[in-house]
Amino acid sequence: MADRIFNFSPGPAILPEPILEEARQDLWNIGGSGIGILEHSHRGATFKRVISEAEADCRQLAGISDDYAVLFLQGGASTQFYMLPANFLPADRTADYLITGSWSKKAMKEARLCGGVHVACSSEDANFSYIPEESQTRYSEAPAYVHFTSNNTIFGTQFRSEPTPPGEVWLACDASSDIFSRPIHVDRYGLIYAGAQKNLGPSGVTLVILRRDLLERRVRELPSMLDYAIHAEGGSLYNTPPVFCVYVLGRVVRWLLEQGGLAEIEKRNAEKAALIYDVLGESEFYTATATENSRSMMNITFVTPSEELNAKFIAEATKQGLDGLKGHRSVGGMRASIYNAFPRTGCEVLVQFMRDFAAKNG
Ligand SMILES: *Cc1c(COP(=O)(O)O)cnc(C)c1O
């Protein structure tokens, strides 16, 4: 679109343009009902259809069986940091956390309020620039669950595959920044959660995929809004859900299906990321901040030789319509967030800009 620029924002982030167009229409009048999506009762037929299609499309896209509940909750991934241990970590037991960035640390901090925690591995010694090897991971004896963050939005690292917890211990994952960016083996997890605003839709809704048998293993009485079983029973309609967010999430998931599904999306994401990593690899001017075998396909973090040049890079890029490239303060430099909806053209334009900038300033 002529009046839109390339948006590398880490989140809330870019959405597919056809979905924004459709939302504009449905905001006014959805499905010929004469009422916009924001104005329909969440108990009415129109919204019931929206939410049940969103759930069905998530199931189809990621191959989620009926053994799992698919929930649309509020409070962001940050509420899940507490909700997970509140439901499943007894006071006298321990949960294991793989610490690969600020978000995993925040998740573990909440678990401490409920029971014991154990750091199974950590890459904090090198400012979270890598994902620890499985051989470096030490689980506690019989943890209640094992939690990891599949993609570290701030540090630009990503797990290549799921960690393997000991025995029958189930895996919990914060997949906020790489959900549905590649195929996922849902059956290897007990619980997956993701705030929508990176890969799925607007902020305000959190997707939770939860193995149903765990619902019977809740370990304490909880306020209703924090109880997974209550949300599952009510089909995410225990209280008024964020109707517009669920609507957009559903449309984005349908768009992903239309693009060819997760294998195709992964292929495109890998190609997009390779364009940028190739420049980092061949250049003396730029340095990628993440270790090669841990690099994220969603958030690409890099620096120039100086703070001054980093600032100049960001200022000049912004002027040329490449927005949102400033890195998080804990890493510095630049971060290019190229989620599912980010177009390949935008990566090509960035690559050209990077080459020109290095030639002029190197
Ligand atoms: C953005 C992000 C969060 C925080 O999500 P909220 O919805 O703001 O609570 C948590 N985890 C990861 C991996 C994220 O990228």
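Turning next to the packing of helix H7 (residues 262-282) against helix H9 (residues 344-361). Geometry of a packed helix pair, given as the angle between the helix axes and the separation of the axes. It is at 9 Å that the axes of H7 and H9 come closest, and there the two elements cross at 10 degrees. With respect to H9, the element H7 is oriented roughly parallel. Contact residues: Glu271, Lys272, Leu275, Ile276, Val279, Leu280 and Glu282 in H7; Arg344, Cys347, Glu348, Leu350, Val351, Met354 and Arg355 in H9. Its residues placed into classes, the contact of H7 with H9 shows 8 nonpolar, no polar and 6 charged.

Close contacts around the ligand come from 13 residues, with Ser78, Thr153, Asp174, Gln197 and Lys198 the closest. Here Asp174 contributes a side-chain N or O atom positioned 2.6 Å from a nitrogen atom of the ligand. Between the ligand and Lys198, the relevant distance is 2.7 Å, taken from an oxygen atom to a side-chain nitrogen or oxygen of the residue. Alone, the ligand offers 390 Å² of accessible surface; in the complex the protein occludes 87% of this. In terms of residue count, the dominant contributor to the shell around the ligand is helix H3 (residues 76-88) (4 residues). The residue makeup of the shell around the ligand, split by class, is 3 nonpolar, 8 polar and 2 charged.

Two faces belong to every sheet, and in a regular strand the side chains alternate between them. Neither face of strand S5 (residues 146-149) is left uncovered, since the one carrying Val146 and Phe148 and the one carrying His147 and Thr149 both have all their residues buried. Of the strand pairs in this sheet, strand S3 (residues 94-99) and S5 are connected by 2 bridges, and their pairing is parallel. Bridge assignment links Tyr97 to a residue of S5, and that residue is His147. In this sheet, strand S8 (residues 171-174) lies alongside S5 in parallel orientation, the contact comprising 4 bridges. Counted as the bridge partner of Phe148 is Cys173 from S8.

In this structure, Phe72, Phe180 and Leu207 are the most contacted members of the largest nonpolar core, which totals 51 residues. Element by element, the count of residues in this core is highest for helix H6 (residues 243-258), at 10 residues. Setting aside residues no more than four positions away along its own chain, Leu207 makes contact with Cys58, Val70, Leu71, Phe72, Ile179, Phe180, Ile192, Tyr193, Ala194 and Leu200. Phe81, Leu84, Trp170 and Tyr228 belong to the second largest nonpolar core, which has 35 residues in total.

Further remarks concern the side chain of Thr206. Relative to the assigned elements, Thr206 resides in strand S10 (residues 206-211). With a relative accessible area of 0%, Thr206 lands in the buried category. Of note is the side chain of Thr206, whose polar atom sits 3.2 Å from the backbone nitrogen of Gly76.

Ordered by their spatial adjacency, 3 strands build an open sheet running S11-S12-S14, and the pairing between neighbours is antiparallel. Pairing within the sheet leaves two strands with one partner each, and these edge strands are strand S11 (287-288) and strand S14 (334-337). The sheet contact formed by S11 and strand S12 (residues 299-303) spans 2 bridges and is antiparallel. Looking at the pairing, Thr287 lines up with Val303 of S12.

A few words on the domain arrangement of the protein. Segmenting the protein into domains produces domain 1 (18-258) and domain 2 (262-361). Taken together, the 27 residues of domain 1 in the interface contact 25 residues of domain 2. Carbon and sulfur atoms supply 51% of the area buried between domain 1 and domain 2, which totals about 2,100 Å² over both sides. Taken as a group, Ile154, Gly156 and Ser181 account for 22% of the area that domain 1 buries against domain 2, more than any other trio of residues on that side.

Taken as a whole and judged by the stated rule, the model has 0 disulfides. No disulfide involves Cys114; its sulfur sits 19 Å from that of Cys173, the nearest cysteine. Unpaired in terms of disulfides, Cys173 finds its nearest cysteine sulfur in Cys121, a separation of 13 Å. Residue classification places Cys173 among the buried residues on the basis of a relative accessible area of 1%.

Moving on: the sheet that holds S5. In sheet architecture, strand pairing relies on hydrogen bonds along the backbone and comes in two forms, parallel and antiparallel. The strand order S2-S10-S9-S8-S5-S3-S4 describes an open sheet built from 7 strands, whose pairing is mixed. Looking at the sheet topology across the chains shown, the edges are occupied by strand S2 (68-73) and strand S4 (116-122). On average, each strand axis in the sheet is inclined to that of its neighbour by 15 degrees, with strand direction left out of account. Strand direction decides the pairing type here: S3 and S4, joined by 6 bridges, are parallel. Residue pairing for S4: Tyr97 is matched across the bridge by Val119. Here H3 sits on the sheet in contact with S2, S3, S5, S8, strand S9 (191-195) and S10, set at roughly 155 degrees to S9.

Each value, and the rule that gives it
- Residues numbered from 1 in each chain as written.
- Predicted model: local features only at pLDDT ≥ 70, side-chain atom pairs only at ≥ 80, totals over all residues.
- Heavy atoms only, no water.
- Axes fitted to C-alpha atoms, helices over the stretch in contact; angles between N-to-C directions.
- Helix = DSSP H or I, 4+ residues; strand = E, 2+ residues; numbered from the N terminus.
- Parallel < 35°, antiparallel > 145°, perpendicular 65-115°, else oblique.
- Contact = heavy atoms within 4.5 Å.
- Nonpolar A, V, L, I, M, F, W, Y, C, P; charged D, E, K, R; others polar.
- Near = heavy atom within 4 Å.
- Polar contact = N/O pair within 3.5 Å; in protein donor to acceptor, adjacent residues only side chain to side chain.
- Areas by Shrake-Rupley, 256 points an atom, 1.4 Å probe, with all protein chains shown as cover.
- Buried < 20%, exposed > 50% of the residue type's maximum accessible area, 1.4 Å probe, protein only.
- Pairing = 2+ DSSP bridges.
- Core = buried A, V, L, I, M, F, W, Y, C linked by side-chain atoms within 4.5 Å.
- Domains from an automatic or database assignment.
- Buried area = accessible area lost by both parts, 1.4 Å probe.
- Disulfide = S-S within 2.5 Å.

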